[in-house]
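Structural description and commentary
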Amino acid sequence: MVPKAELHVHLEGTAPPDLVRRVAERNGLRVPEGVFATPDRFAWRDFLDFLQTYDMAASVIRTPDDYRDITYEYLASCAADGAIYVELIASPDHAALVGLSDEEHIAGIAAGIDAARAEHGIEARILLTCIRNLGVEQALRIATYAAGRPHPYVVGFQMAGDEAGYPPGPFAEAYAVAAAAGLGCSVHAGEWAGAESVRAALDLPVTRIGHGVRAIEDPALVAEIAERGLVLECCPTSNVVLGVFESFEAHPLPALREAGVRVTLASDDPPYFGASVGGEYAVARERFGLTDADLVGLTRTAIEASFAEPPLRAALLARLDDDDGRPT
């Protein structure tokens, strides 16, 4: 099995419908009306509607134990797919909306990471994300909190939300705070806004771009990304299901690779899109024609571009060099 790594997955968005219902029942809550289209499928019509469904589903996640279980179950499923490392994008804003403190939020996720490592041999770290449509001040609060290194597993800063409505420029101060503290920085760009969004993101102190695939609309920008060695966190299934591209055949990942851009594979919000980390690697093999050696190369890129602490990064690279990628 090809060893895998994932740098772009939203933690609250990893919980499938069954787990959302179990968490709600444990907390004595009803899942909000309109979350599910069928018992096994979330309901949404377009990207902004998806964001609303995501928020409603996340509203039943109320306790550190909930975050622990969601983290553990997702990482266990990744390990079954052959993943050795995952970076989880966690939202303090979602936790705060249900009354959880930052400390409780992180502690729950960390407990899930520890349990998954102990039982499945998979490693994971946390990227704290601001939500751009909640404003600059809130982004700065989260960046400042992350910069204080509240837990050894917090290694990076991200920005998600409504990309088209909220360009990255006004959030420069938040990114400056995170970068000055030595946190790895990434930003969503080039998904729901075009190449201009990616170009604007390059003014931030980032080494990775979440999605970034619409950079393909500007060949000069693609060349600059390749020259700077920036890494794109590509989520092909998400892009096709949401309609960013009409088909896998139209997806630019192969063209970006051919242009020398470093790319990785990720599932984004897996149960919403019928995705998984193993499924993304299968798409790359079956739809994009990548060989197993190519896929191992993508995993190597992900580990090299990860925000994991250097000893862990070195250990993961050594593990990747083992014959089967599994822990010894």
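A short tour of the structure in this document, coming up. (Residues numbered from 1 in each chain as written. Predicted model: local features only at pLDDT ≥ 70, side-chain atom pairs only at ≥ 80, totals over all residues. Heavy atoms only, no water.)

Observations concerning the pairing of strand β7 (residues 184-189)
To keep things clear, this is the line we draw: The classification of residues rests on relative accessible area computed with a 1.4 Å probe and restricted to protein chains. Under 20% of the type maximum is buried, over 50% is exposed, and intermediate values are partly exposed. Put simply, DSSP marks the helices as runs of H or I at least four residues long and the strands as runs of E at least two long, and each gets a number from the N terminus on. Between any two strands, at least two bridges found by DSSP are needed for them to pair.
Burial analysis of β7 places six of its six residues in the buried class, the great majority of the element. Burial along β7 is two-sided: the residues Gly184, Ser186 and His188 and Cys185, Val187 and Ala189 are all buried. Pairing between strand β6 (residues 154-160) and β7: two bridges, direction parallel. Across the sheet, glycine 156 pairs through a bridge with glycine 184, a residue of β7.

Observations concerning the packing of helix α3 (residues 64-80) against helix α5 (residues 102-120)
Quick reminder of the rule: Helix axes are fitted to C-alpha atoms over the stretch in contact, other axes to C-alpha atoms as well, and angles between N-to-C directions run from 0 to 180 degrees. Crossings are assigned a handedness: left-handed for a near helix turned anticlockwise from the far helix by less than a right angle, right-handed for a clockwise turn. Contacts: residue pairs with any heavy atoms within 4.5 Å of one another. Note on residue classes: Ala, Val, Leu, Ile, Met, Phe, Trp, Tyr, Cys and Pro are nonpolar, Asp, Glu, Lys and Arg are charged, and everything else, Gly too, is polar.
It is the contact of α3 with α5, at a shortest axis distance of 7 Å, that shows an interaxial angle of 35°. Here α3 runs over α5; the crossing is right-handed. Here Pro64, Tyr67, Arg68, Thr71, Tyr72, Leu75, Ala76 and Ala79 of α3 lie close against α5, whose contacting residues are Glu104, His105, Gly108, Ile109, Ala111, Gly112, Ile113, Ala115, Ala116, Glu119 and His120. Here the contact of α3 with α5 is built from residues that sort into 11 nonpolar, five polar and three charged.

Here we look at unusual backbone geometry
One non-glycine residue, arginine 149, lies in the positive phi region at around 50°. Position of arginine 149 relative to the elements: it lies in the loop between α6 (136-147) and β6. Taking relative accessible area as the criterion, arginine 149 reaches 40% and is therefore assigned partly exposed. Despite not being glycine, histidine 211 has its phi angle at roughly 75°, a positive value. Along the polypeptide, histidine 211 turns up in strand β8 (residues 208-211).

Description of the sheet that holds β6
For sheets, the rule is that strands pair by backbone hydrogen bonds, running either parallel or antiparallel. Spatially, β1-β4-β5-β6-β7-β8-β9-β10 is the arrangement adopted by the eight strands of the open sheet, whose pairing is parallel. If you trace the sheet from one side to the other, it starts and ends with β1 (4-10) and β10 (262-265), each paired once. Sheet twist, expressed as the mean angle between neighbouring strand axes with direction ignored, is 25°. Here helix α13 (residues 277-286) sits on the sheet in contact with β1, β4 (83-90) and β10, set at roughly 115° to β1.

So, the nonpolar core
Most often, soluble globular proteins have nonpolar side chains that are buried together. Put simply, the rule reads: Residue types Ala, Val, Leu, Ile, Met, Phe, Trp, Tyr and Cys, when buried and joined through side-chain atoms within 4.5 Å, form a set referred to as a nonpolar core.
Formed by 97 residues in total, the largest nonpolar core has its most connected members in Leu75, Leu88, Ile126, Leu128 and Phe157. Take this core: its biggest share by element is seven residues, from α3. Residues Ala5, Val231, Leu316 and Leu320 belong to the second largest nonpolar core, which totals 12 residues.

Side note on the environment of valine 241
Note on placement: valine 241 falls in helix α10 (residues 236-242). In sequence terms valine 241 and valine 155 are 86 residues apart; their C-alpha atoms lie 30 Å from each other. Setting aside chain neighbours within four positions, we find valine 241 in contact with Trp44 and Phe273.

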